[in-house]
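Chain and residue survey
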Amino acid sequence: MMNNSWSGDRTGFPKAMRAKILRRDKTCRICGLRPATEADHIVSVAECRRLGIVYDTIDNGQGLCRECHWAKTRAEIQQGQARMRTPKRIPVHPSQAPRGGDPGQACDG
Ligand SMILES: [Zn+2]
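Residues numbered from 1 in each chain as written. Predicted model: local features only at pLDDT ≥ 70, side-chain atom pairs only at ≥ 80, totals over all residues.

Following the sequence through the fold, R23 ends up in helix α1 (residues 15-24). On the basis of neighbour count, R23 is assigned to the exposed category, with 10 C-beta atoms found within 10 Å. In this structure, the C-alpha to C-alpha distance between R23 and A36, residues 13 residues apart in sequence, is 9.1 Å. (Helix = DSSP H or I, 4+ residues; strand = E, 2+ residues; numbered from the N terminus. Buried ≥ 20, exposed ≤ 12 C-beta atoms within 10 Å, placed from the backbone.)

Okay, structure coming up:
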């Protein structure tokens, strides 16, 4: 079991790891122009949790400049919101209309 000392959903790298990532990536990995000032999870924390993989690793870290980090974070948030906002009119074949339970949702137990 992992020590669940995190509170809330906002997760950043542990300080020491963040420092190592920024020492390795001196330049922003997205634009390649500005100096990297922020450590970003390449695979987002939410995605790693879904996949059940460890997210706080140096390999999953990349140094980004503030602007690119912001752009990436905002894109991730918008994707999440778009996923939650179900379009009202989806063309569904009558044969594919969901009936009863959704087989796509399996409980992991
Ligand atoms: Zn950048």
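The discussion continues.
Along its 19 residues, helix α3 (residues 66-84) runs 27 Å from first to last C-alpha, staying within 8% of the 27 Å computed at 1.5 Å per residue. The buried count for α3 comes to one of 19 residues, which makes it a mostly uncovered element. (Expected span 1.5 Å × (residues − 1).)

What follows covers the confidence of the model for the protein. Per-residue pLDDT for the protein averages 82, and the proportion of residues at 70 or more is 72%. Mean pLDDT across the elements of the protein ranges from a minimum in α3, with 87, to a maximum in strand β2 (residues 61-64), with 97. Counted against residues more than four places away or in other chains, residues 1-9, with its pLDDT under 50, gives one contact. (pLDDT = per-residue confidence, 0-100. Contact = placed C-beta atoms within 7 Å.)

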